[in-house]
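Observations on chain architecture
Residue-level listing of the chains:
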Amino acid sequence: MDWDSLLSERARRLEPSRLSAIMQSRRSTDVISLAGGAPDPELLPVERIRAAADVVLSERGGEALSYGNGQGIAELREFIAQRMSTEFMRVDPDNIIITSGSQQGIDLVGRALLNDGDRVLVRNPTYMGMLNAWRGYRLDWQPIYCGGETDDLDQVMQPRPKLMYFVTDFENPTGEVFPPERRASLVKALAQYQVPALEDDPYGQLRYDGEPVPTLLEFDAQQAGSGAIGGHVIYAGSFSKVLSPGLRVGWLVADKPLVTRLMQIKQGANLCSSIFDQFVAYEASRDGFLDENIAWLRTRYAERRDAMIAALERYFPPEVTFTRPEGGFFILVTLPESMDSVELLKRAVQRDVVFIPGESLHIQGAGSNTLRLSFSRYKPEILEQAIERLAEVIKEMLAEHI
Amino acid sequence: MCGKNDLFCPWYKRNHAAMQWDTRFAARTAYMKRSTIREILKLTARPDVISFAGGLPAPEFFPVERVQEAVDLALSERGQVALQYSTTEGMPELRELIAARLSDARLTISPDNILITTGSQQGLDLIGRVLVDEGDRVVVENPTYLGMLMAWRPYALRYIPAPTDTDGLNVDALEPLLQQKPKLIYVVPNYQNPGGFTLSVERRERLVQLLARYEVPLVEDNPYGELCFSGSPRPSILSIDANNLGISTPDGHVIYVGTFSKVLSPGLRIGYVVATEQVIDKLVQAKQSADLHSSTLDQFITYEVARDGFLDRHIAHLCEVYRERRDVMLAAMERYFPAEVSWSKPDGGLFLLVTAPAQVDTTELLAEAIKRGVAFVPGADFHIDGGGQNTFRLNFSNARPDLVEAGIQRLGDLLKEALAHPVK
């Protein structure tokens, strides 16, 4: 069978992702992977989840193992709605769709809104999983907010983009936070130009220092002034970083007309997300456990961020710069212009350290001298060891080039 | 005057116009519509309605205790793995188990031929993404499975209906349809949803010859094959196709879609696709973007429950109780349905299809049926040739025997009235 000739046009545009290759390479026990955005397995609340699963199965096993509402179980949507609601914004459970991880949220939003060739505004660099999910649409990517706050919103809205995508808190890969002024002006422009934005927020609750900034979703709600969500921002949340990624439970918050469309698409995609996992996520999170767990994760991850920053300062040559995130999992490193991070990766693998080279995080072929490091997966002493090894490779390369 | 960033500026508030979504949706969403099934399920949530509408396995037979043991084992021995991200292809042990279950004397399936999906619905979605472009022709049985129509709706496909009878897809009528050069053929060969018919082995053998002659791929969707009430399951089209090509690997024309939803639990959302590695590779890439991977915990549970022969014993039990429910339903239909009405008599699966005389419109009948406390799925939506208005689908697996008789009696009365007093 000549399958090549049978592939759909979109399938031809798919490429094997580095993400998968990296996940595979994680099987080796010697390699220290600073590549993935996975939590340290030792930080997973295994006992709590086990107890939750026991309660779910003994109290409502039949229901938890059945098909369920495509929008998600009511208990979990109410739980999320309550957590997200603030003084200025009331999130209605009907605005929420449970997704199979926030990756599915990104996919569904793309399928609901994007036509081939649409103009989409993103930061550059941006999240690799979104670039992969939307690659099939051959989008006209337009970078924004890449030179500080100089962007003229009236100008970037011409011609009118179809969609914007941002990780507003502890951005993947830079670790940066969108300042409040940017959020305020952005939501005004969204309404004025009738352009929706997807706010992808898997890390927002993992803040290690500094003051929290309201989400774009909340800024939009404040602008709309009705107390409900404003409708211009689509919000993607996830339990992956604060509870367990293996459960694949994420959610979208969206304007109701869009929720209706997204549900139709989700039905065709997988009918509903695992009902059992939704019950387990709810049962494990309730009664304050999720907040306790987040508080505990914050101290653990803060130590790791501090250890990695300290190691970067100690071992990396001064020509190399890096971001200093107040939360999340990632640091973006910038090498001297002439250095290529793919070449660095090839050498680093030999020393048992891997990371994500910047070219796969950038649009328009930029960023070949950047790389993303994750500090979430290992204890401080291992992170220090990895950075020391990486620094040696960088110094070798610098010496060769000079 | 308001400051540039004054969130409470009244001028901005007045101008913070609501989003006009109609102009922002992607073109492909224009082909979507609300699912009839969903609307119906909402209506039948009332406790006084005896519903034959769902496609559901019976929750009272879920092996809850075994699942509980599986969760305890998975989380106590490998909790840090079971709750972590995992590979897109799926848990290796589960893929091995599925490969071994589907391999037989003629066909050897490797774990590399298998992708774990978030229910078999995702298998259909991924196959659609990877194999069909807008406007492609696809041959399907008439009637066909609604979930497939739902998954592939964004592509505005041109469906070619193939006629069916009690032996399933009429293979003799297929050849002229293949001359229209369809992109693929979609078949539910066992205890078809909604028809309840099964493709005979003799027809399967002639079907794979056509696949080879016309070089056309076939999607074999087999959620019900293991729910076989008498005799042994028929060999898969996947296996017969390989045999026809003289190979012992799944490298022919068939992409096979399977699931644990009907034999274990639909709430765990674990299905799988079996295909040649080249196709699996593309499906993996599509799945990476769709949801990275299926629930690690659910895969661990499925594996733990399925191993050691438990699943086979459980399936044998399900077959016994579902057969009994089918028998109760068929006996009640014989007793209460008018003579002008006929129906399929499946020897497995979950569904049967009822055909009333042409003047009966079952969509109209449904509203009255629900008033009287009984529900079914009208057949029109399953028929892509515009026919089937006089048919409806009944589910027997999820109907408690003590309620089936009352439900069928209500339906029988309704059918008799509809025949005596035709609408219009």
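Residues numbered from 1 in each chain as written. Chains lettered and ligands numbered in written order. Predicted model: local features only at pLDDT ≥ 70, side-chain atom pairs only at ≥ 80, totals over all residues.

**Quick notes on the overall build of chain A**
The condition is simple: Each helix is a run of DSSP H or I of at least 4 residues and each strand a run of E of at least 2, with the numbering of both proceeding from the N terminus. Only C-alpha atoms enter the radius of gyration; for comparison, a globular chain is expected to reach 2.2 Å times N to the power 0.38, where N is the number of residues. Partly exposed residues are those whose C-beta has more than 12 but fewer than 20 other C-beta atoms within 10 Å; with 20 or more the residue is buried, with 12 or fewer it is exposed, and the C-beta atoms are placed from the backbone. We call two residues in contact when their backbone-placed C-beta atoms lie within 7 Å.
When you go through chain A residue by residue, the secondary structure sums to 15 helices and 13 strands. Taken over the C-alpha trace, chain A has a radius of gyration of 21 Å; the compact-globule value for 402 residues is 21 Å, and the two agree within 12%. The burial tally for chain A puts 56% of its 402 residues in the buried class. For chain A, restricting intrachain contacts to residue pairs at least 6 apart in sequence, the fraction spanning at least 24 positions comes to 75%.

**Things to note about the overall build of chain B**
In terms of helices and strands, chain B carries 14 helices and 15 strands. Taken against the 2.2 N^0.38 rule, which gives 22 Å for 424 residues, the C-alpha radius of gyration of chain B at 23 Å falls within 12% of a compact globule. Overall size of chain B, expressed as C-alpha extent along the three principal axes, is 75 × 70 × 50 Å. Classification of the 424 residues of chain B by burial places 52% in the buried group. A separation threshold of at least 6 residues defines the contact pool for chain B, and within that pool the share at least 24 residues apart is 75%.

**As for the interface of chain A and chain B**
We apply this condition: Under the scheme applied, nonpolar residues are Ala, Val, Leu, Ile, Met, Phe, Trp, Tyr, Cys and Pro; charged residues are Asp, Glu, Lys and Arg; polar residues are all the others, including Gly.
Contacts between chain A and chain B engage 80 residues on the former and 76 residues on the latter. Split by residue class, the side of chain A that touches chain B holds 35 nonpolar, 31 polar and 14 charged.

**Some details on the packing of helix H14 (residues 341–350) of chain A against helix H15 (residues 380–401) of chain A**
Any two packed helices are characterised by how steeply their axes cross, that is the angle between the axes, and by the distance between the axes. Residues and elements named next belong to chain A. Note the following rule: Interaxial angle, 0 to 180 degrees, is taken between N-to-C directions of lines fitted to C-alpha atoms, where a helix line uses only the stretch in contact. Here the word oblique covers every angle except those under 35 degrees (roughly parallel), over 145 (roughly antiparallel) and from 65 to 115 (roughly perpendicular). Note on convention: near helix rotated counterclockwise from far helix by under a right angle means a left-handed crossing. Clockwise means right-handed.
H15 packs onto H14 with a crossing angle of 130° between their chain directions and a minimal axis gap of 10 Å. Relative to H15, the element H14 is oriented oblique. As for how H14 packs across H15, the hand of that crossing is right-handed. Counting all contacts with H14, which are made through Leu-344, Arg-347 and Ala-348, the residues of H15 involved are Leu-390, Val-393, Ile-394 and Met-397. Residues of the contact of H14 with H15, tallied by class, amount to six nonpolar, no polar and one charged.

**Overview of the sheet that holds strand S9 (residues 321–322) of chain A**
How we decide: Only when DSSP finds a minimum of two bridges between them are two strands counted as paired.
Spatially, the four strands line up as an open sheet ordered S9-S10-S13-S12 (chain A), and their pairing is antiparallel. At either end of the open sheet lies a strand with only one pairing partner, and these are S9 and strand S12 (356–357) of chain A.

**Comments concerning the sheet that holds strand S3 (residues 119–122) of chain A**
The strands making up a sheet are joined through hydrogen bonds of the backbone, oriented either antiparallel or parallel. Residue and element names in this part refer to chain A. Overall, mixed pairing links the seven strands, which are arranged S2-S8-S7-S6-S5-S3-S4 in an open sheet. The two strands at the open ends of the sheet, each matched to only one other strand, are strand S2 (96–99) and strand S4 (140–143). Looking at each pair of strands side by side, their axes are set apart by 20° on average, direction ignored. As paired strands, strand S5 (residues 163–166) and strand S6 (residues 197–200) are joined by three bridges and run parallel to one another.

**Comments concerning the domain arrangement of chain A**
Residues and elements named next belong to chain A. Quick reminder of the rule: Note that the domain bounds reflect an automated or database-derived domain assignment.
Looking at the assigned domains, one finds that chain A contains domain 1 (3–45 + 291–401) and domain 2 (60–287). Its C-alpha centre places domain 1 at a distance of 24 Å from the equivalent point of domain 2. Each partner contributes to the interface: domain 1 provides 36 residues, whereas domain 2 provides 33 residues. The element that contributes the greatest number of residues to the side of domain 1 that touches domain 2 is helix H13 (residues 289–315), accounting for seven residues. Residue composition of the side of domain 1 that touches domain 2, grouped by class: 18 nonpolar, twelve polar and six charged.

**Notes on the domain arrangement of chain B**
Residue and element names in this part refer to chain B. Split into domains, chain B comes out as domain 1 (30–62 + 312–419) and domain 2 (64–311). A straight line from the C-alpha centre of domain 1 to that of domain 2 covers 25 Å. Every contact between the two is made by 32 residues of domain 1 and, on the other side, 33 residues of domain 2. If you tally residues by element for the side of domain 1 that touches domain 2, the top one is helix H12 (residues 310–336), at eight residues. Residues that form the side of domain 1 that touches domain 2 fall into these classes: 16 nonpolar, nine polar and seven charged.

**Points about the packing of helix H3 (residues 64–82) of chain B against helix H11 (residues 296–306) of chain B**
All names here are of chain B. For the pair H3 and H11, interaxial distance at closest approach is 9 Å and the crossing angle is 125°. Judged on the interaxial angle alone, H11 and H3 are oblique. In the packing of H3 onto H11, the handedness of the crossing is right-handed. On the side of H3, the interface is formed by Arg-66, Val-67, Ala-70, Val-71, Leu-73, Ala-74 and Ala-82, while H11 contributes Thr-296, Leu-297, Phe-300, Ile-301, Glu-304 and Val-305. Here the residues of the contact of H3 with H11 sort into ten nonpolar, one polar and two charged.

**Quick notes on the environment of Gly-90 of chain B**
All names here are of chain B. Among the structural elements, Gly-90 can be located in the loop between H3 and helix H4 (92–102). Taking the C-alpha atoms as reference points, Gly-90 and Glu-364, 274 residues apart in sequence, are found 45 Å from one another. Among all residues touching Gly-90, those that are not within four sequence positions of it are Arg-95, Leu-115, Ile-116, Ser-294 and Gln-299.

**Side note on the confidence of the model for chain B**
All names here are of chain B. Operational definition: The pLDDT value tells you how sure the predictor is about a given residue, anywhere from 0 up to 100.
With 93% of its residues at a pLDDT of 70 or more, chain B has an overall mean of 92. Long-range and interchain partners of residues 1–12, a stretch whose pLDDT sits below 50, account for eleven contacts in this model, where long-range means more than four residues apart. Predicted complex metrics record ipTM = 0.95 and pTM = 0.95.

**Section: the environment of Gln-194 of chain A**
Residues and elements named next belong to chain A. With respect to the element layout, Gln-194 can be found in the loop between helix H9 (180–193) and S6. What makes Gln-194 partly exposed here is the crowd of 16 C-beta atoms within 10 Å. C-alpha of Gln-194 to C-alpha of Pro-161: the two residues are 33 residues apart in sequence and 9.3 Å apart in space.

**Quick notes on the nonpolar core**
In plain terms, the rule: As used here, a nonpolar core is made of buried Ala, Val, Leu, Ile, Met, Phe, Trp, Tyr and Cys residues. They are joined through C-beta atoms within 7 Å.
With 237 residues, the main nonpolar core has Leu-252, Val-253, Leu-262 and Val-280 of chain A as its most contacted residues. Setting aside chain neighbours within four positions, we find Leu-262 of chain A in contact with Ile-97, Leu-108, Ala-112, Leu-252 and Ala-254 of chain A.

**Side note on H11 of chain B**
Counting along an α-helix, one turn takes 3.6 residues, and residues three or four places apart therefore face a common direction. Burial within H11 of chain B is extensive, with eleven of its eleven residues counted as buried. The complete set of buried residues in H11 of chain B reads Thr-296, Leu-297, Asp-298, Gln-299, Phe-300, Ile-301, Thr-302, Tyr-303, Glu-304, Val-305 and Ala-306 of chain B. Looking at the buried positions of H11 of chain B, the neighbouring elements they touch are helix H12 (275–285) of chain A together with H3, H4, strand S2 (114–117) and H12 of chain B. At the exit of H11 of chain B stands Asp-308 of chain B, carrying a positive phi of roughly 60°.

**Concerning the pairing of strand S8 (residues 250–253) of chain A**
Residue and element names in this part refer to chain A. Alternating residues of S8 divide into Gly-250 and Leu-252 and Trp-251 and Val-253, and every residue in both groups is buried. The pairing of S2 with S8 spans four bridges and is classified as antiparallel. Paired with Ile-97 across the two strands is Leu-252, which belongs to S8. Pairing of strand S7 (residues 233–238) with S8, which is carried by four bridges, proceeds in the antiparallel orientation.

**Some words on the pairing of strand S7 (residues 184–187) of chain B**
Residue and element names in this part refer to chain B. With burial as the criterion, each face of S7 is covered, one bearing Leu-184 and Tyr-186 and the other bearing Ile-185 and Val-187. Two strands pair when backbone bridges link them, and strand S3 (residues 137–141) and S7 are joined in this way by three bridges, in the parallel orientation. Across the sheet, residue Val-140 finds its bridge partner in S7, namely Tyr-186. Relative to strand S8 (residues 218–221), S7 runs parallel, the two being bridged by three bridges. From the neighbouring strand, Val-187 faces S8, where its bridge partner is Glu-220.

**Things to note about the environment of Leu-312 of chain A**
Residue and element names in this part refer to chain A. Relative to the helices and strands, Leu-312 resides in helix H13. According to the C-beta neighbour criterion, Leu-312 is buried, with 22 such atoms within 10 Å. Separated by 303 residues in the primary sequence, Leu-312 and Glu-9 have C-alpha atoms spaced 44 Å apart.

**Section: unusual backbone geometry**
Omega for the peptide link from Gln-158 of chain A to Pro-159 of chain A comes to -15°, which places this bond in the cis form. Tracing the sequence through the fold places Pro-159 of chain A in the loop between helix H8 (153–156) and S5. With an omega dihedral of 15°, the bond running from Asn-193 of chain B to Pro-194 of chain B counts as a cis peptide bond. Within the secondary structure, Pro-194 of chain B sits in the loop between S7 and helix H8 (201–214).

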